[in-house]
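Reading the structure
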Amino acid sequence: MPVPDSRLPFVGRLDELMLLKRFYGHGWHRGAGFLLLYGRKGVGKTRLLQQFLQKEAVTDYFYWQAPPVDGVTQLREFSHALLHYDLAQTDPPSPDFTFFSWREALDYLAQIAQRSPVTKLFILEGFTELCHQSEGLSSYFQHAWDHRLKEIVNLRLIITGSHVSTMIREVLAYSAPLYFRANANLHLKPLPYTALLNIFPDRSVEERMAINAITGGVPAYLSYFAQTPDLPTAVERLCFAPDSPFLADMDTLFNERLEEPVLCRAILEALSDGPAAPESLSHRVGIPYDDLPHHLYFLRLLKLIEDNRSVHDSIASMRIRHTLAEPALYFYYQHLMPALNQPSPRETAAAAWASLNEALGQTPFRALCREWIWAAVIMQKIDILPQKVGAYWGTGKAAIADGTHYELYENNLLGERHIRYGGYGGIAYHHISDTYVALFSHFIACGVWEAVYILDGLLKNKSVLQPDTVHGDTQGQSEAVFGLAHLLGIKLMPRMRNWNKVSMYRPGRDVTFEHIDAWFSRYVNWQLIEDHWQDLMQVVLSIHIGKLLPSWLLQKLNTDSPKNKLYLAFRELGRVIRTMFLLEFVSDTQLRREVRAATTKIESYNDFSQWITFGGDGILKSRDPVENEKVIKYKDLIANAIMLQNVVDMTDVLHDMAQEGYAVTADVVATFSPYLREHIKRFGEYVIDLETIPPPLEPDKPFLTPEETGMKETVVQ
């Protein structure tokens, strides 16, 4: 195995070394061990493996790194390496020897492991390079693993790769041939700033900050600063020397088979100006808002951007914002690119260095502050309690859905006579956050099962709150909806009437339970789910990219016909998920309270919103469904505006009370609701004043009594 550059000391990586040790010692409970090690080029994968082998004194291992040549040559060199490693081969292979295919080569690898009584470790570096040169290679690995390798108890297989998108496509994605084969997964990230304290103990704090801002903790970049005392000269060598990796890495960032790489570059360059919400980012890049999520999704997969949220912004601008995930990208776009017009590489490096030094107090300093504060909190070295604005009324991760009846005039396109409400009209189907904020509303017909639309509201929601849990009532659930919600990454937690009479499903025909066996009347048809798994995932992917709405699908699937195999598969999966939810529901008192409290919030909102709609006896007069939905959405906007003012007024009062010595605790605040209406003059005079500027919002205004919490209160960005 090649020894990496030893001029850079090996620091950190304790968790990674421990994971490798456990993997080598135990493998997997069913047999062989298969570990996937991936991360960007230069992050230190080879150095980590070399350190592990040295620390654990592993001497019997096979190591092969894929060379940057064509697929035929790669297979021939791999074949030679295997035969040289095999102790049963006494004669060297002929120079032109090669296995017929990768399947045959992997079969020979299995034979070597089976003949050995001790643990056999095989390390294949550059798996993504192999996939680029040999189409279908991952399918060969899948066949070898499923039919031979996984049964060899003493086998340990490690594959590494630097192209994240290739790893996703060939190994990590559901459609990948090697999906779910690796039983250990290690995404190696760059070194944190604290590692630089050991690498550069003689540098000043400012110099270490600058080095971290340039390299982002990538060891391959850090080595240039370890070799060169003069930092501007180190920047010149890193960026412009013939063997330097920096500019080459920037040029190959999008050699990942992405759609529209030029647009992806434009998004990264726009984010180098600072964090941006999707709406702002669409203006910076100059593309429609609806075209942006698809590209942001892939950039997040590649670990080039990440989602962040500032809790110091005003409530109006508090939203998920995208930021660059690598400091090296900030350096490239903000400091190096503007200096490339200099006449020489030395002058370019000097100009970039000077520009960076002026900006150390901005993005680099904020990133280090966040790293330091969270590390200190985890290690309990500082007595602060990081909080987020609005956390007293919920986390923002849950939504509640329910419908309320609105009367309509006769002969309406959506109007029906509702058997439950006993009147003619339609249903305003609301989604609100667990922080009470109205997120999204539909206007639907009375005869539609409300669960059909329960997922649409979350997927169409473009607000800063993006819940991953949804509550509802009996109308907001069904077996098929449970299955679809699970595949979409949404946890469905409804309050169901007569839940104790719902059919429960055993995992197998012969499975019995000691105390609750009478509750399980049926068993799961796992074969049905497996046979149609690919169809289920294709549907989910279509929904994710916006080609299909859950309501369209559920309306088509709302039939028990035995010919509708897709519906039967969704229903069968939903039976599994609903059974698991009900078991958790009956065994967890806190969960039952949470579900009950959530559905109480939506009932309060329905009452509050209908209280607002007082004109015309609450009847929606238009016969156009589009106009009716506009009325519902405008009403939500008014409701949110009233709630915002209520929160501002309550914060001011609580702040004054805390200043006067009253004990104001989080438990007390959590019992309040923003749906106050007693102080509102619903039938009063409405004066539109465009001259008076309202006072600014103060979301960070303190109102809890510090003595009651026992900790200093702060907000961490």
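Our subject is the structure that appears above.
Here's what I pulled together on the structure shown here. Predicted, not measured: the structure shown is a model, and the values here were computed from it.

Of the regular secondary structure elements, the protein chain holds 28 helices and 18 strands. Looking at the protein chain as a whole, 48% of its 717 residues are labelled buried. By element, 54% of the accessible surface of the protein chain is carried by carbon and sulfur atoms, the whole surface being about 36,600 Å².

It is worth spelling out the sheet that holds strand S4 (residues 155–161) at this point. What the five strands build is an open sheet, ordered S2-S3-S4-S1-S5; its pairing is parallel. On the outer flanks of this sheet lie strand S2 (61–65) and strand S5 (184–187), each paired with one strand and no other. Averaged over all pairs of adjacent strands, the angle between strand axes in this sheet comes to 10 degrees, irrespective of strand direction. With five bridges joining them, S2 and strand S3 (residues 120–125) adopt parallel strand pairing. Opposite Trp 64, over in S3, you have Leu 124 as the bridge partner. Sitting on the sheet, helix H1 (residues 14–26) is in contact with strand S1 (33–38), S3, S4 and S5, with an inclination near 145 degrees to S4. Contacting S2, S3 and S4, helix H4 (residues 102–115) runs over the sheet at an angle of about 150 degrees to S3.

What follows is about the nonpolar core. With 97 residues, the main nonpolar core has Phe 122 and Phe 246 as its most contacted residues. Contacts of Phe 122, omitting those with residues within four sequence positions, involve Phe 62, Leu 82, Tyr 85, Leu 109, Ile 112, Ala 113, Leu 155, Arg 156, Leu 157 and Ile 158. Within the second largest apolar cluster, 53 residues are counted, among which are Val 481, Met 504, Leu 568 and Leu 573.

The next subject is H4. Its 14 residues place the ends of H4 20 Å apart at the C-alpha level, agreeing with the 20 Å of an ideal helix rising 1.5 Å per residue. Taken as a whole, H4 has its buried residues at Trp 102, Ala 105, Leu 106, Tyr 108, Leu 109, Ala 110, Ile 112 and Ala 113.

Counting buried positions along S4 yields seven of seven residues, so the element is predominantly enclosed. Residues Leu 155, Leu 157, Ile 159 and Gly 161 point to one face of S4 and Arg 156, Ile 158 and Thr 160 to the other, with burial holding for every one of them. In the sheet, S1 pairs with S4 via six bridges, with the strands oriented parallel. Residue pairing across strands places Phe 34 opposite Leu 157, the latter belonging to S4.

Conventions we followed
- Residues numbered from 1 in each chain as written.
- Predicted model: local features only at pLDDT ≥ 70, side-chain atom pairs only at ≥ 80, totals over all residues.
- Heavy atoms only, no water.
- Helix = DSSP H or I, 4+ residues; strand = E, 2+ residues; numbered from the N terminus.
- Buried < 20%, exposed > 50% of the residue type's maximum accessible area, 1.4 Å probe, protein only.
- Areas by Shrake-Rupley, 256 points an atom, 1.4 Å probe, with all protein chains shown as cover.
- Pairing = 2+ DSSP bridges.
- Axes fitted to C-alpha atoms, helices over the stretch in contact; angles between N-to-C directions.
- Contact = heavy atoms within 4.5 Å.
- Core = buried A, V, L, I, M, F, W, Y, C linked by side-chain atoms within 4.5 Å.
- Expected span 1.5 Å × (residues − 1).

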